[in-house]
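The residues making up each chain are set out below.
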Amino acid sequence: MPADTANPFTGTTVGISVENVNKSYGNVNVLRDISLDVKPGEIFCIMGPSGSGKTVLLKQIVGLEKPTSGRVLIDNFDASDPETRTKVHLAFVFQAGALFNSLSVYDNLALYPREHRLGDENSIRERVRHALSILSLEKAADKMPSELSGGMKKRVAIARALVMEPQLLVYDEPTAELDPILSATISEIIATLREQIAVTSLVVTHDRALALGIADRIAIIMDGRIRTISTAQELKHNTEPIITDFMNPVIDPKNPRFRKLEPNNE
Amino acid sequence: MLKRFVLFCENFGAALIMLANSARHLKTLPRQFSRFIDQCYLIGYTTMPIVTILSFFIGSVLALQSGYSMENFGANQFIGTLVGLSMARELGPVMVAILVTGRAGSAITAELASMNVYQEIDALKTMNIPPERILVLPRLVAVLFMMPVLSMVANLCGWYGGAIVCQYTQFISVDTQSYFAALKRYMNFKDILDGLMKAEVFGFVVVTICCHIGLTVRGGPREIGAAVTNAIVTSLIFILVLDYFITMALL
Ligand SMILES: Nc1ncnc2c1ncn2[C@@H]1O[C@H](COP(=O)(O)OP(=O)(O)O)[C@@H](O)[C@H]1O
Ligand SMILES: [Mg+2]
């Protein structure tokens, strides 16, 4: 694959189709009958309370785990088949970044093109520089991951995903633990990337501003089930109590929520 | 008990699969030359000082003990043979294997386990880079290169340790020249080769075990420590049990 240095991030986008996916660990059902379609080029957000199974769903989609039943297709290839990753380029931005701690930021980014022999050291340097510059990380190139702040780690993780020239970018809570300004920056990056490299984006987030601001469609997952899939506009006007409470929780110290929490026995 | 046996078989099979997957990437080795060198450094160079010191003292003690007991029937002139053969055939390889387990094996398991716990291994998988290729293969090849080197160093240090003790201990007083003459007279090149072969097997098994345990850790950071302990204990058991069978096969 020749690296096009003028605009290295070009490619055709792919869609995802999740068909009746169930996932259980032991006898705990984490995902129950999840079905959704992400169209090529779309920004699709998944929201939901902590522990509702969002990360687990992403693991099935990127093929790190195999669903107990049902299947995930990426561009009509089964996601759990290792061969699929040679056919479609997908990149996963892990919730915790998952940077290689023994490698510098530059080497973190260069690992993929080097291992897959995508051009000589010069073109790889161009490619890495370009990805770093998109996320304003040029100065951090020689730092080790342990020297970075949380927000920078996240940006490096996104840059590392970009170097892969992905057709599909999957983010797990890209703005968690970031301050509001940085969160807004990340949202802008995700939206801009679609313009620049026409990538399909799947974003798991708690960040209402991000989801309502840039998503084409939003799915809400609760307890491993999909509650609704709708556009941002539709979601704003949704009047189901459980959805409105999730989107705009009212803090009421007189009637605190934690009193209502029950040990939910499966 | 049965459950444990099944678990052992599962792990054994998984380790073999890991080896097979590493072997499939053998042709990428030239490209990974710098990783190979790094691992040679970590496995060989960092273990070298402790190998020299310990083997020197093991050789010395061996000479001292055998001098003490052989004096009674005037067999002092054979101390060189005894130290030479024991070091080359048995103590050298086993000691090096144990030290490599403690020094390098534990570091391998800790590193791979933490990569696993912090999802770096998952990240490699999503990048379509097989962990076996860049993490296991260079280590295996490096240990195969370094074990003979470490064992030879251990042999030499052990022999010299014995020689020095023989020369300067009053009740032994065998001079260095006749010590090494005895060492040479009854020792074949095959004895050294057998020892090196043992060392190769030990090194390969230890690195396989340590990589496998590191790569299959489940859970959080607490499990990293448990994995290291597990890897060391398993490696030591394998070394000593294998030692018996290899010795039997080679005699
Ligand atoms: N490997 C696993 N084994 C057992 N349970 C798991 C595993 N991974 C996740 N879970 C459970 O699945 C549920 C959903 O987890 P997760 O997808 O990480 O939540 P979130 O939506 O916050 O990302 C949690 O209750 C968690 O305990
Ligand atoms: Mg999560």
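Before reading on, note that the structure itself is shown above.
Just so we're clear, the structure is a prediction, and the values are computed from it rather than from any experiment. (Residues numbered from 1 in each chain as written. Chains lettered and ligands numbered in written order. Predicted model: local features only at pLDDT ≥ 70, side-chain atom pairs only at ≥ 80, totals over all residues. Heavy atoms only, no water.)

**Student:** Outline the pairing of strand β8 (residues 200-204) of chain A, supporting the account with residue identities and numerical values.
**Tutor:** Residues and elements named next belong to chain A. When you tally the buried positions in β8, you get five out of five residues, the bulk of the element. Going residue by residue along β8, you find T200, L202 and V204 tucked away on one face and S201 and V203 tucked away on the opposite face as well. Taken together, the four bridges between strand β3 (residues 43-47) and β8 define a ladder with parallel strand orientation. Looking across to β8, one finds that C45 is bridged to V203. Note: strand β7 (residues 168-172) against β8, five bridges, orientation parallel. Bridge pairing links V170 to L202 in β8. After leaving β7, the chain enters helix α6 (residues 180-197) and then returns to the sheet as β8, a path that is right-handed. (Buried < 20%, exposed > 50% of the residue type's maximum accessible area, 1.4 Å probe, protein only. Helix = DSSP H or I, 4+ residues; strand = E, 2+ residues; numbered from the N terminus. Pairing = 2+ DSSP bridges. Right-handed = clockwise from strand over helix to strand, strands pointing away.)

**Student:** Can you explain the sheet that holds strand β5 (residues 77-78) of chain A? Please cite residues and give values.
**Tutor:** Residue and element names in this part refer to chain A. Strand order in this open sheet of four strands is β2-β1-β4-β5, and the pairing throughout is antiparallel. In this open sheet, the two strands that pair with only one neighbour each are β2 (28-38) and β5. Pairing of strand β1 (residues 16-25) with strand β4 (residues 69-74), which is carried by five bridges, proceeds in the antiparallel orientation. If you follow E19 over to β4, its bridge partner there is R71. Strands β1, β2 and β4 of the sheet are contacted by helix α1 (residues 54-62), whose axis makes an angle of about 120 degrees with β1. (Contact = heavy atoms within 4.5 Å. Axes fitted to C-alpha atoms, helices over the stretch in contact; angles between N-to-C directions.)

**Student:** Lay out the coordination of the magnesium ion (ligand 2) in plain terms, naming residues and giving numbers.
**Tutor:** Coordination sphere of the magnesium ion (ligand 2), protein contribution only: T55 of chain A (OG1) and Q95 of chain A (OE1), at 2.0 to 2.7 Å. With T55 of chain A in helix α1 and Q95 of chain A in the loop between β6 (90-93) and α3 (105-115), the pair connects residues that are 40 residues apart, well separated along the chain. (Donors = N, O, S within 2.8 Å, 3.2 Å for Na, K, Ca; no water.)

**Student:** Please set out the interface of chain B and chain A residue by residue, giving values where relevant.
**Tutor:** Each partner contributes residues to the interface: chain B has 16 residues there, and chain A has 20 residues. Of the roughly 1700 Å² buried at the junction of chain B and chain A (both faces included), carbon and sulfur atoms supply 58%. Counting the surface chain B buries against chain A, the share from its top three residues, T126, M127 and N128 of chain B, is 37%. For the pair chain B and chain A, the interface holds two salt bridges. Here E115 of chain A ties to R35 of chain B by a salt bridge, and the two come within 2.9 Å at their closest N and O atoms. Summed over the shared surface of chain B and chain A, the number is seven residue pairs in polar contact (both at pLDDT 80 or more). (Buried area = accessible area lost by both parts, 1.4 Å probe. Salt bridge = Lys/Arg side-chain N within 4 Å of Asp/Glu carboxyl O. Polar contact = N/O pair within 3.5 Å; in protein donor to acceptor, adjacent residues only side chain to side chain.)

**Student:** Provide a residue-level description of the site of ligand 1, including the pertinent values.
**Tutor:** Residues and elements named next belong to chain A. Surveying the vicinity of ligand 1 reveals the residues Y25, V30, P49, S50, G51, S52, G53, K54, T55 and V56. Take S52: an N or O atom from its main chain is 3.3 Å from an oxygen atom of ligand 1. A distance of 2.8 Å separates an oxygen atom of ligand 1 from a polar atom in the backbone of K54. Alone, ligand 1 offers 560 Å² of accessible surface; in the complex the protein occludes 57% of this. The element contributing the most residues to the shell around ligand 1 is α1, with three residues. (Near = heavy atom within 4 Å. Areas by Shrake-Rupley, 256 points an atom, 1.4 Å probe, with all protein chains shown as cover.)

**Student:** Could you give me a rundown of a nonpolar patch on the surface, with the residues and numbers involved?
**Tutor:** A contiguous nonpolar patch, built from V233, I237, V241, Y244, F245 and M248 of chain B and spanning about 610 Å² of accessible area, is present on the exposed surface. Along the polypeptide, V233 of chain B turns up in helix α9 (residues 222-250). (Patch = residues over 30% accessible without salt bridge, like charges linked within 9 Å, V, L, I, M, F, W, Y side chains within 5 Å.)

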